[in-house]
Structures are given as C-alpha cells and as structure tokens.
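# Chain and residue survey
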Amino acid sequence: MSISKEAMLKLQNGSDVRGVAVAGVEGQPVTLTPEAAQLIARAFVRWLSEKSKKSPEELKIGVGHDSRISARQLGAQVLQGICLEKAHAFDCGLASTPSMFMSVVFPETRYDGAIMITASHLPYNRNGLKFFDLDGGLEKEDITSLLERAAEFTPGDAGTVSIPQVDLISLYGENLREKIRMGVRAEDYAHPLSGLHVVVDAGNGAGGFFVEKVLKPMGADTTGSQFLEPDGMFPNHIPNPENAQAMDAVQKATVQSHADLGIIFDTDVDRMSAVLPDGTEINRDAIIAMMAAILAPDYPGSTIVTDSVTSDRLTAFLEGTLGLKHLRYKRGYKNVINKQKELCSQGISCPLAIETSGHGAMSENFYLDDGAYMAVKLLIAAAKMKREGKPLASLIQDLPPLCEAREYRMGLAGEDFAAYGRQVLDAFEQRARQKGYQVAPNSYEGVRLSFQTPEVQGWVLLRISLHDPLMPLNMEGNRPGDCDKLVKIVRELLEGFDRLDLSTLPE
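Computed from a prediction, not measured in an experiment: that's the story for all the values here. (Residues numbered from 1 in each chain as written. Predicted model: local features only at pLDDT ≥ 70, side-chain atom pairs only at ≥ 80, totals over all residues. Heavy atoms only, no water.)

## Focus: the overall build of the protein chain
Helices and strands together make up the secondary structure of the protein chain, namely 14 helices and 21 strands. Its C-alpha atoms give the protein chain principal-axis dimensions of about 75 × 65 × 45 Å. A burial count over the protein chain gives 57% of its 507 residues as buried. Long-range pairs, those at least 24 residues apart, make up 69% of the contacts in the protein chain between residues at least 6 apart in sequence. Counting only carbon and sulfur atoms, one obtains 49% of the accessible surface of the protein chain, whose full area is about 20800 Å². Computing the positive centroid from 52 side-chain charges and the negative centroid from 67, the protein chain places the two 3 Å apart. (Helix = DSSP H or I, 4+ residues; strand = E, 2+ residues; numbered from the N terminus. Buried < 20%, exposed > 50% of the residue type's maximum accessible area, 1.4 Å probe, protein only. Contact = heavy atoms within 4.5 Å. Areas by Shrake-Rupley, 256 points an atom, 1.4 Å probe, with all protein chains shown as cover. Lys, Arg positive; Asp, Glu negative; His and termini not counted. Charge placed at Lys NZ, Arg CZ, Asp CG, Glu CD.)

This is the structure we're talking about:
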C-alpha cells in the first residue's frame, strides 16, 4: 500500500526529511515509518539517476546513521529501497553527516550519492534523512520532488541481497588526522597534538569517534571526555551545543579536568561549540569570531556570512579588528551556505558561512557544514598557540563581551499569518524611521534597529518565523538594563496590531 502524497509532504523539513519514528510519546503518532523510508530512498535513486544521467544499475549509494534507536530499522529499509531500484547500496553503519558527504569525495569510496539517517538534536523518538551528491546537500525543492515521487511507489521486498559494510568513519578519521598533521607541522609529525589536553562531550551521539580516531592517535590527552558511547535515548543531555544543560556539562568537564580546550558536538556532528580552560563558552557569536580569527590570516579582507541574529559587537570585531567584511544574511544553514557559494562564484572571497547554532561551512572544505572539521581547525590553532605560549582565548580578546541578550516569540493569530506579519514589519520599520531610530540597511530578514545613545545601547531584530505563525524578537543590550529599555521601545512601535500577541513581552 502506498503512502499518500499529503502524508509524504508533511515529512519535509526545509532541505531535510524529518518525522516521528518511534511510538510511545503521547500526541506524536509515527509519521516516518520504515515503509516511508524505503519509498523515499527509491525516489532518491530515481532523482540521482536523472541528475547524473547514469542508469540506476550504475549508481553507488552509501547509507549511514547516527545513534538513534530507530536508525537500524529505518536503515534496513533505506538499503532495501536502493536495491529495489537496482542501484548498488553500501552500509556505512554509525557515521556522521559530514562523513556521509565525504563518501562521495573520498577516492576509496566515491559514491554517486549518500543518505544519512539523522534528526540532528531532536528528541529520541524523531528521525530523518539527509541526502548528498557531489554538489552537496539537496535543496528544498529537491526534497519536495523526492517526496512527491515517493508517494507514487508501493513498498516492496528486494529479497536477500548482499550489501557491503564499509568502515567509513575510520576513513573519515584518517582524513581529519592528516589535516591536523599538515596544519600543525610539529616536530613530532606522528603526534602533533602531544601536550594538548582536550575534553570531548559527544552527548551519546555519533561524535565519540573523534576521541578514538582523531585525538588519541594524534597524541592528545583526552582525560575527562564524556558521553562518547552511542545511545539513542540520550540519557545524559540533549546532544546540542545550544542546549544549556549540554553546555553546562562540557564546561564542568573541561574545568574539572584542567583541559586546554573542551569540544561539544551535536548528534550527527555537523555542529560544534567549544569551551576555554576557565569554562568560558565559545558558542554563538564567539564561535563565529574564533573561526573567523583563525581564517583571517589566510583570507585577508574576505567576507564572513552569518545568520541574521548575530550581534553588532561581532560586526565590530570582524570588520574593525580582523579587517574582514560581515554579511548578515537569513537564518537557516542552507541559506548562509548558498549565499557563500554565490559570493565565491562571483569571485568574492568568502571562506566561512556560519550560523550562531554552530553550523559552519568553509569554502576550503567543499562548503560542508562539518563540526569535526571546525574542531580540527580549532585544534590546529590551539596546538600552534600553545607551542608559542599564547592562550587560545587571545584570538578573540578584542570581541566585546555580551552583557544582556533576550529572545521573545510572539504569536500571530488568524489565517495568512505571513502576510499579516509582513504588514507588522512594514509598520515597525516606518514607525522606527519616524522616530529617528537607526534602521539597518540591506536587512535580508526582518527589520533590525541599532541604538547608540546615552539613554539606550544595543540592537533589536524583529522577523517572521520561516514555518510557524510567530514573530521572533531578538535583542542585545550593551549595559545592564538596556534590554528592558529596548522592550519598551518595541512595545511602542507595535501598538495596535490586534493579531500579534504581545503578552510574551514584559511590561
């Protein structure tokens, strides 16, 4: 029995597929069934065949997964789907999302396409699919096409098929080790991280390999690393660098172990953040600043693309301290990466596209958002600076500290919320200009106001959510009490919009 087109399309999440894969959570029926996974895999084979102009029989497709408890069941049907279309399937087992992309690059594998079974940091009952070919991850319209096509199939049985198992994560680890050797260029070529103490928190996701296959062979001390064992129930904390409990866990482990650096990955290792020896978080604006500082000497005057919610203080650091250009673009990792690709195709140097979430892609690494590659760049810098007697923190010592930051999410009532939200944004901007407030030019998402007066200093960004009937409001205040003043200003600018719920804003 086929799955309806409507049900299939509900599995789309931007440029990925995501759904509920495990029963048992009240109010969350299973939507991403093994049968759906099989049909979507078959659709991917057809899509890849058409794009590559190869017959399905000529295609080689790798399949990997993170630590989720539904991974094996979904993976078995994804492999079945590939085989039903007569393509060659390869079982890469436990893997990271970036390693699955690299499976289409490595000469040892050089697959035509790859499928990663993951739902990133979402709860244990969720899962999803990400797709790659040599051009990178698929676009939103590609996923729509896949799901529409998948609804035309009915589940089948390929019978007993011998599917090769591939130790992709070891191949990927060796690739990262070689980058460290070449980057550090230590006298001890075999152990370039000798003398460096690094704590890793994998959150029981797929990132535990980084200790065994990257750090230890390079000579690093990994004492204090935690939650390295894959466990799809995520018993210790959500594997998400933006989660407060997760960040608190790696901070404590780093400080208690007297480590030089702490690293935390998300479930499928396409995001990371870091911790300094004193427990200082290197995330959000700070991780962007750190990576930009590492890249700046090799890419002078280049452009750094970020999402829309980065701060004015980050702009001051990137442009004033590092001599780079800051392009604040839309939220969504595909948006910032695609903007990076666009700029590079125009001959504009753009080495880094990165979100505050920790999704970071480098032009030197196939425009791939790869948390492990970012960690490698950080380790190379840390090893070099330790050899020179300098702390890693000195790279961002001129980044002004964060004083106050808040986010509010205001609901939009009624039908056609997006159109109403645009009316709110237009009025918000018009009223701000009438009052003489500074409106940021060339804002790609929402309306951004900056304030540098004796009365109030900071910024606000009002935008419309990509998918939900919400208007998020982000703000930073440069001094204690400035956020309260910014909230008051926003309230005044939003008076009279009866479909916008201002109750989330403090009085």
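Read on for the rest.
## As for the sheet that holds strand β17 (residues 404-411)
One open sheet holds the five strands; their spatial order is β17-β21-β20-β19-β18, and the pairing between them is antiparallel. The two strands at the open ends of the sheet, each matched to only one other strand, are β17 and β18 (438-439). As judged from the two bridges shared by β18 and strand β19 (residues 447-452), these two strands associate in the antiparallel manner. Each bridged residue has a counterpart across the sheet, and for Q438 the counterpart in β19 is S450. (Pairing = 2+ DSSP bridges.)

## Points about the sheet that holds strand β14 (residues 352-354)
Across the sheet, which stays open at both edges, the five strands sit in the order β13-β12-β14-β15-β16 with mixed pairing between neighbours. Edge positions in the sheet fall to β13 (325-328) and β16 (368-369), since each of these pairs with one other strand and no more. Pairing geometry for strand β12 (residues 303-306) and β14, over three bridges, is parallel. Looking at β14, one finds that I304 is bridged to L352. Running over the sheet, helix α9 (residues 285-295) touches β12, β14 and β15 (360-362) and is turned about 175 degrees from β14. (Axes fitted to C-alpha atoms, helices over the stretch in contact; angles between N-to-C directions.)

## Some words on the packing of helix α2 (residues 34-52) against helix α3 (residues 71-84)
At a closest axis distance of 7 Å, the pairing of α2 and α3 adopts a crossing angle of 35 degrees. With respect to the hand of their crossing, α2 and α3 are arranged in right-handed fashion. Counting all contacts with α2, which are made through P34, A37, Q38, A41, R42 and V45, the residues of α3 involved are Q73, L74, Q77, V78, Q80, G81, I82 and L84. When its residues are assigned to classes, the contact of α2 with α3 shows eight nonpolar, five polar and one charged. (Left-handed = near helix turned anticlockwise from the far one by under 90°. Nonpolar A, V, L, I, M, F, W, Y, C, P; charged D, E, K, R; others polar.)

## Remarks on the pattern of salt bridges
In total, this model carries 35 salt bridges according to the counting rule given. A single salt-bridge network, built from bridges that share partners, covers E174, R177, E178 and R181. (Salt bridge = Lys/Arg side-chain N within 4 Å of Asp/Glu carboxyl O.)

## Looking at unusual backbone geometry
Even without glycine at this site, R185 takes up a positive phi of about 50 degrees. Using a relative accessible area of 58% as the deciding quantity, one classes R185 as exposed. Positive phi values are uncommon outside glycine, yet Y367 reaches one of about 55 degrees. Turning to its location among the elements, Y367 is positioned in the loop between β15 and β16.

Function cannot be read off these values alone, since they describe shape.
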